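Geometric and topological summary
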Amino acid sequence: MQLGKASIKFEEPPIIESMASIVGKKEGDGPLGKLFDMVEQDDMFGADTWEKAESALQKQTADLAIEKRDIRRKDIRYLFAGDLLGQLIATSFGTVDLEIPLFGLFGACSTMGEALNLGAMAVAGGFADKVMAMASSHFATAEKQFRFPLSYGNQRPFSSSWTVTGCGSVILGKNKNEGIAAISGITTGRMVDMGIKDSMNMGAAMAPSAFHTIQQNFEDFNVDESYYDKIITGDLGSVGRTILLDFMKNKGHNLESVHTDCGIEIFDSETQDTHNGGSGCGCAASTLCSYILPKVHSGEWKRVLFVPTGALLSTVSFNEGESIPGIAHGVVIEHIGS
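Here the structure is a predicted model, which is why all the values come from computation and not from measurement. (Residues numbered from 1 in each chain as written. Predicted model: local features only at pLDDT ≥ 70, side-chain atom pairs only at ≥ 80, totals over all residues. Heavy atoms only, no water.)

**Thoughts on the packing of helix α6 (residues 202–221) against helix α7 (residues 237–250)**
Following both chains from N to C, one finds α6 and α7 inclined at 40°, their axes separated by 8 Å at the closest point. Between α6 and α7, the interaxial angle falls into the category oblique. Considering how the two elements wind past one another, α6 and α7 form a crossing that is right-handed. Two secondary-structure elements touch here, α6 through Gly203, Ala204, Ala207, Pro208, Ala210, Phe211, Ile214, Gln215 and Phe218 and α7 through Gly240, Ile243, Leu244, Phe247 and Met248. Of the residues belonging to the contact of α6 with α7, the class tally is 11 nonpolar, three polar and no charged. (Axes fitted to C-alpha atoms, helices over the stretch in contact; angles between N-to-C directions. Helix = DSSP H or I, 4+ residues; strand = E, 2+ residues; numbered from the N terminus. Parallel < 35°, antiparallel > 145°, perpendicular 65-115°, else oblique. Left-handed = near helix turned anticlockwise from the far one by under 90°. Contact = heavy atoms within 4.5 Å. Nonpolar A, V, L, I, M, F, W, Y, C, P; charged D, E, K, R; others polar.)

Now the structure itself:
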């Protein structure tokens, strides 16, 4: 059933049947370290380039999600996946051996939200019995493409975020009896550009899009913040969170007690020197699979609004002086049986 301008409420909600998360050493040393399925101590993942390392990370995470539920690869109709790199090379090289029909996605750090939106629609629409949604990032590949070579040793401003080395993967299907959680609805985001040009302040660039998607979700579902146990954004960090809360307060919504952010949860900014917090496609994806879904599965949280956020810049657009548009995709995730 379609709702309002940008949302869908599913009459038969797709079910998250399996999930997996693998991260690097720094993420494993953070507050969520014990919750990840695997913490790889070698950020090269046994490969000889950073890009191959991220591909290996994706392949391992996908295989783990399949193995945990004893699902056959051939039973997965579609794979919706993406990363931060040009032409999605981490995904294209990393998933080739899976031999699953692929939709390669680029939504920057919002990619896991985009994958879940599309995957849920495919299952709910009867176009697939099972699909996989997955997103990854790697600190070194992102620094190499978007910022500076690691050997340069540049100073990072306090508004900058730390790209997560991590990957999260979920398998969506229809098996409610063994499911982890249900996707009861989605709110697909639109581009929001407030003219921000500082690539070292992604929180400020993405906060307006998070605000728009959350506000749109409230309008379309005719709810407010009290409807959710948690509203969880992707990569706003401490800077973006402050902006989001101010925007929402101006619209009469107080999110102070209900909101958190994956970029804030995954690192301890004081002891790990991550400044604004975590970012990257793998930030929201790995936090979803390690921290958010287990709490929904247990019933500690009955209903959450998961809102990964993305800054859609490239090295070309930045060098040409363009601003940084943002996008955010909302996913309503509910405890099964609530």
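Still more ground to cover, so stick around.
**Notes on the pairing of strand β7 (residues 131–137)**
A large share of β7 lies buried, amounting to seven of its seven residues. Alternating residues of β7 divide into Val131, Ala133, Ala135 and Ser137 and Met132, Met134 and Ser136, and every residue in both groups is buried. As paired elements, strand β5 (residues 78–82) and β7 share five bridges and run parallel to each other. Bridging across to β7, phenylalanine 80 finds its partner in alanine 133. Of the pairings in the sheet, the one linking β7 to strand β9 (residues 166–173) comprises seven bridges and is antiparallel in character. Residue pairing in the sheet places methionine 134 in a bridge with serine 169 of β9. (Buried < 20%, exposed > 50% of the residue type's maximum accessible area, 1.4 Å probe, protein only. Pairing = 2+ DSSP bridges.)

**Focus: the state of the cysteines**
The bond known as a disulfide is covalent and runs between the sulfur atoms of two cysteines. Here the structure, examined in full by the defined rule, presents zero disulfides. Cysteine 281 forms no disulfide, and the closest cysteine sulfur to it belongs to cysteine 109, at a distance of 5.6 Å. The thiol of cysteine 283 is unpaired, and the distance to the nearest cysteine sulfur, on cysteine 262, comes to 5.5 Å. Since its relative accessible area comes to 0%, cysteine 283 is described here as buried. (Disulfide = S-S within 2.5 Å.)

**Re α7**
Counted at 1.5 Å a residue, the expected span for α7 with its 14 residues is 20 Å, and the 20 Å between its end C-alpha atoms agrees. Among the residues making up α7, those that are buried are Gly237, Gly240, Arg241, Leu244, Leu245 and Met248. One face of α7 carries all of its buried residues, which in axial projection span an arc of 135°. What points out from α7, more than 90 degrees from its buried face, is the exposed set Lys249 and Asn250. Considering only its buried residues, α7 is in contact with α6, β11 (230–233), β12 (259–261) and α8 (262–265). One or two residues past the end of α7 sits glycine 252, with phi positive at roughly 90°. (Expected span 1.5 Å × (residues − 1). Arc of directions from axis to C-beta.)

Everything listed here is a matter of geometry and, on its own, says nothing about what the molecule does.
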